[in-house]
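# Remarks on the overall topology
Residues per chain, in single letters:
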Amino acid sequence: MKRGEVVWSGTWVAQRLGVELVGDEEISGLLGLALRRNPKRAHLLVSNVLGKHVPQSPAVVWRAGYDLGLRVRELLGDNAARRAVVLGYAETATGLGHSVADGLGLAPYLHSTRRPVDGVARAGGFEESHSHATSHLLLPEDPRLLAGDGALVLVDDEFSTGNTVLNTIRALHERYPREHYVIVALVDMRSPDDRDRLADFAREIGARVDLVASASGTVKLPDDVLAKGQALVAHHESLAEVPTAHTEPRSEPGSESRAEPGSVTRVDLGWPASVPDGGRHGFTPEHRAALDAALPAMAARLVAPLGDARRVLVLGFEELMYAPLALAREVEKGTQAQVRYSTTTRSPVLAVDDPGYAIRTRLVFPAHDDPADGPGERYAYNVAGGDFDAIVAVVDSTADTPQLHAPDGLLARLAEHTPRVLLAVVPSYVPDRAAPGRAAPERATPAKAAPERPLVPPTLPEPLRGPAFSSYAPDEVGWLLQDLSDVELEAPTEEREEAIQGGGAHYAESLPVEYQPSAEYQALFQSALEVSAARIAQAVGVVTETVLAERSPRPVLVSLARAGTPVGVLMRRWAQARRGLDLPHYAVSIVRGRGIDANALRWLAAHHDPADVVFVDGWTGKGAITRELAEALEAHQQNEGGPGFDPEIAVLADPGSCVRTYGTREDFLIPSACLNSTVSGLISRTVLRADLVGPNDFHGGKFYRELAEADVSTHFLDTVEARFDEVADAVDAQVKEMLSADRAPTWEGWAAVERISEEYEIHDVNLVKPGVGETTRVLLRRVPWKILARTGAGADLDHVRLLAEQRGVPVEEVAELPYTCVGLIHPKYTRGATGADGKAVGAK
């Protein structure tokens, strides 16, 4: 071998057993070979990107799974991805499955486990034919997790014979039949015969079965490989034979212990109580968001005691792969050290100190989590001899036992090979089995047979009401939110825009600083309200009467906070004034890209008939929230079962032609769009941030009590209500005409936005905000680039022109514009998009 030449880590096994690895060009870079003590299979494919046996950059490990998840999402489409469930295999693929779920982004995750948990009933189980430890348990906290009919995505590190995965599908298909399965693996190593089995299997169960893999190949084995492999393992282990009583530390091939053991320091992570330690009982997108929010602070607690360490290993523990991986990724960002990641394992593998062999060294120590199958040896590979200046051992609290700290335990073994060992303990998540509706039978009930009225999580409170929360009267609206008034959530507009467009944050994770209108702007609002009050009153009457005629004689109004809330209050006032009806009215949070508040839906379903619920919003732009609501409610129905909610929104104005139930389709100024909280009960836009909103919490919101002197919320409502009588006849005539008309949405707004996005080379419809209301929001909350105004637009745009002038935003008149105006968010998305004076800078 020439100096500097890289040796494939499967060479040693290939030469001695006649094993041949063939396949894609990158297959040898992904895999090495080793020998294992296993009577069923001699060789072990050792992944270089899995983070199990070979320490690897955590970014590389995570990205390998994340990219596979992106491919699955592309295969399914976003709507089907929301209904999917990702299932990973213990122990090797638990972290990989988590990372695939990250890429998929919209689906919950569950991994099998070999650790039974008292009080948690099995939702299934299966055997792994070639493994040293075969029993897999499925222990979801929510028994409905596997009962939906969306795609099941099964994740393993390799797909070889396919026996394990196909046995899983067969067992689950009997309990929870579905139409689509997706198998995901780092490598597809099936033989030609095994490849034919997959199509035959799909026909057998009557479902579609897809396979997604990073690379494919196969292992060619001689007939006598098992016997030769066992003999080779026996020979090499005899050379390194040691006393079996473990009275002295074992030696590992190719490594030497330090003269003085390193120190062991415990680090308190501050792990959030609402976040499970992994997917053993289920891990939702909300859990993922909560973990992401907490990671920087936790990583900082680890980085500080690392000091000047040059090489750092973050070592996970058996099934606990994702939490250590997430921490390792964050540590990698926060230090100059070279960070590597791997985990301990149950799997017994021969170690041979040869550059052509995948497992160079082995640490042996006793199990330290009181395993159900009894005590035994556990292993950490390629750690000794790794020249690590520090090792961060991450275990769950179940495994933080005297055996972990024993003289021959994991921590002591690690301290023999590094000057610093940090111990970080993640709390073992134990489901609350006493919670209503949690008991899972061995054969779970499918979602379609779920109770008609889902049970409300016991922690959900009653709605917030004024004057304690909001300046509206208590009977006007109940807010299905949690009060975050005491939390500092505001950030400068430019910083928010950079974080949102750069992918570093979601717009709902922070709040813009509340715009305080100048005297000139307040005068414009008052003038606009006086001019448009009758017009708004007529639209309120039309939409309310349409709802009463077509949707429900006694509807439950549910406004999408916060723009929908003033409209919902006005609709309630119309029904009371004109029909003598006292309609329930609530406000709930919906977040683009995250869906509607599922806990709010559960509360509503427990207190009202979902068929009576009518969702209310202020106006439509391009229809993004309309689509978001429909998809979110469909996903909720799949998960919860029972009677479903009608996804159609009733809006005051529908200039985008996105809904059937509206007051008008004209794009005119609704004065409640001119201001922020001071025209919406002093309530902020809703907040969904993982460290503040747990799985059993409502989304959050703030009550700006300090702005009471500027509050015009009640004034706006009273001014419009005062015009109800004078528009009554016009409402009756218009409703009669509308009920017989074709009001099917044409989605003209969406088409126009797509055209504008391309014409102005923005290439992102989320940065195009059509209509007077949305344009106003751009000027108040975002970093505007320019405003497109329909030629000849009059007083409806006076406030837009004033705001644009104040922020230095050009207003461009356009003759053929389907809306009165369109706001374009600055496509540069950095703070460079504004000058030193805070005004917009033209795009190049």
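See the structure shown above.
The notes below deal with the structure included here. (Residues numbered from 1 in each chain as written. Predicted model: local features only at pLDDT ≥ 70, side-chain atom pairs only at ≥ 80, totals over all residues. Heavy atoms only, no water.)

## Comments concerning the overall build of the chain
Put simply, the test is: Numbered from the N terminus, helices here are DSSP runs of H or I no shorter than four residues, and strands are runs of E no shorter than two. Think of it in three bands: residues with accessible area under 20% of the maximum for their type are buried, residues over 50% are exposed, and the middle band is partly exposed, with areas taken using a 1.4 Å probe on protein chains only. In this description, contact between two residues means that some pair of their heavy atoms is separated by no more than 4.5 Å. Note on areas: Shrake-Rupley, 1.4 Å probe, and residue coverage restricted to the protein chains presented here.
Check the secondary structure of the chain and you find 22 helices and 32 strands. A burial count over the chain gives 59% of its 844 residues as buried. Of the contacts formed within the chain by residues at least 6 apart in sequence, a portion of 77% connects residues at least 24 apart. A total accessible area of about 32600 Å² is found for the chain, and carbon and sulfur atoms account for 49% of it.

## What about the packing of aromatic side chains?
Working definition: an aromatic ring pair is given by the centre-to-centre distance plus the angle between the planes. We apply this condition: Aromatic rings from Phe, Tyr and Trp, with only the six-membered ring used for Trp, were paired whenever their centres fell within 6.5 Å, and each pair was classed as stacked if the ring planes differed by under 30 degrees, edge-to-face if by over 60, and tilted otherwise. We call a charge positioned above a ring when the Lys NZ or Arg CZ atom is no farther than 6 Å from the ring centre and deviates by at most 35 degrees from the ring normal.
Applying the stated rule across the entire model yields 10 aromatic pairs. Between Tyr586 and Trp603, the ring centres sit 5.3 Å apart and the planes meet at 65°, which makes this aromatic pair edge-to-face. Of the two residues, Tyr586 is situated in strand E23 (residues 585–591) and Trp603 in helix H16 (residues 598–607); the sequence distance between them amounts to 17 residues. Look at Tyr586 and you get buried, because its relative accessible area is 7%. Exposure remark for Trp603: the relative accessible area of 3% places this residue in the buried category. Taken together, the ring pairs connect Phe469, Tyr472, Trp479 and Phe703 into an aromatic cluster. Here the basic side chain of Arg578 rests over the ring of Trp574, its NZ or CZ set 5.8 Å away from the ring centre. Positioned above the aromatic ring of Trp785, the side-chain terminus of Lys786 is 4.5 Å from the ring centre.

## Observations regarding the nonpolar core
Nonpolar side chains in soluble globular proteins generally cluster together in the buried interior. Operational definition: What we call a nonpolar core is a set of buried Ala, Val, Leu, Ile, Met, Phe, Trp, Tyr and Cys residues that are connected through their side-chain atoms within 4.5 Å.
Ranked by internal contacts, the top residues of the largest apolar core, which has 141 residues, are Val153 and Tyr357. Top element by residues in this core is helix H9 (residues 285–306). It accounts for 9 residues. Residues within four places of Tyr357 in sequence aside, it is in contact with Ser9, Trp12, Val13, Leu33, Ala34, Leu35, Val349, Leu350, Ala351 and Val352. Formed by 102 residues, the second largest nonpolar core is a distinct cluster that contains Leu460, Phe469, Trp574 and Leu629.

## Here we look at the sheet that holds strand E30 (residues 784–790)
Strand pairing in a sheet is mediated by backbone hydrogen bonds. Such pairs are either parallel or antiparallel. Put simply, the test is: By this definition, two strands are paired if DSSP reports at least two bridges between them. Axis geometry follows a simple rule: fit a line to the C-alpha atoms, using only the stretch in contact for helices, then measure angles between N-to-C directions, giving values from 0 to 180 degrees.
Strand order in the open sheet made by the 4 strands is E29-E32-E30-E31, with mixed pairing throughout. The sheet terminates laterally at strand E29 (768–770) and strand E31 (811–814), the two strands that pair on one side only. In this sheet, adjacent strand axes meet at a mean angle of 20° when their direction is disregarded. Bridge analysis of E30 against E31 gives 4 bridges, and the strand direction is parallel.

## Here we look at the sheet that holds strand E4 (residues 85–88)
Spatially, 6 strands are ordered E1-E10-E9-E8-E4-E5 in an open sheet, and the strand pairing comes out mixed. At either end of the open sheet lies a strand with only one pairing partner, and these are strand E1 (20–23) and strand E5 (109–111). Pairs of neighbouring strands in the sheet enclose a mean axial angle of 25°, with direction left out of account. Alignment of strand E8 (residues 152–159) against strand E9 (residues 180–188), held across 7 bridges, turns out to be parallel. In the strand pairing of E9, Val155 is matched with Val184. Of the strands in this sheet, E4, E5, E8 and E9 touch helix H5 (residues 94–104), which is tilted by about 135° from E8. Lying over the sheet, helix H7 (residues 192–205) contacts E8, E9 and strand E10 (208–220), oriented at roughly 160° with respect to E10.

## Focus: the pairing of E8
We apply this condition: By definition, the crossover connecting two strands over a helix is right-handed if that path, from the first strand to the second, turns clockwise as seen with the strands pointing away from the viewer.
Counted residue by residue, E8 has 8 buried out of 8 residues, so it is predominantly covered. As judged from the 4 bridges shared by E4 and E8, these two strands associate in the parallel manner. Counted as the bridge partner of Gly88 is Val155 from E8. Crossover handedness for the path E8 to helix H6 (residues 163–175) to E9: right-handed.

## Observations regarding the pattern of salt bridges
Rules: Between Lys or Arg on one side and Asp or Glu on the other, a salt bridge is scored when a side-chain nitrogen of the former is within 4 Å of a carboxyl oxygen of the latter.
Taken as a whole and assessed by the stated rule, the structure comprises 40 salt bridges. The salt bridge involving Glu631 is made with Arg82; its shortest N-O contact spans 3.3 Å. Highlighted residues: Glu631 in helix H17 (residues 624–640) and Arg82 in helix H4 (residues 78–83), separated in sequence by 549 residues. Judged by relative accessible area, which is 25%, Glu631 ranks as partly exposed. In this structure, the salt-bridge partner of Asp369 is Arg115, at a minimum N-O distance of 3.5 Å. Within this pair, whereas Asp369 is found in the loop between strand E14 (362–366) and strand E15 (377–381), its partner Arg115 is found in the loop between E5 and strand E6 (124–127), the two being separated by 254 residues in sequence. Here the two residues Asp369 and Arg115 agree in accessibility, since each one is buried. Beyond isolated ion pairs, a larger network of salt bridges with shared partners links Glu476, Arg573, Asp718 and Glu721.

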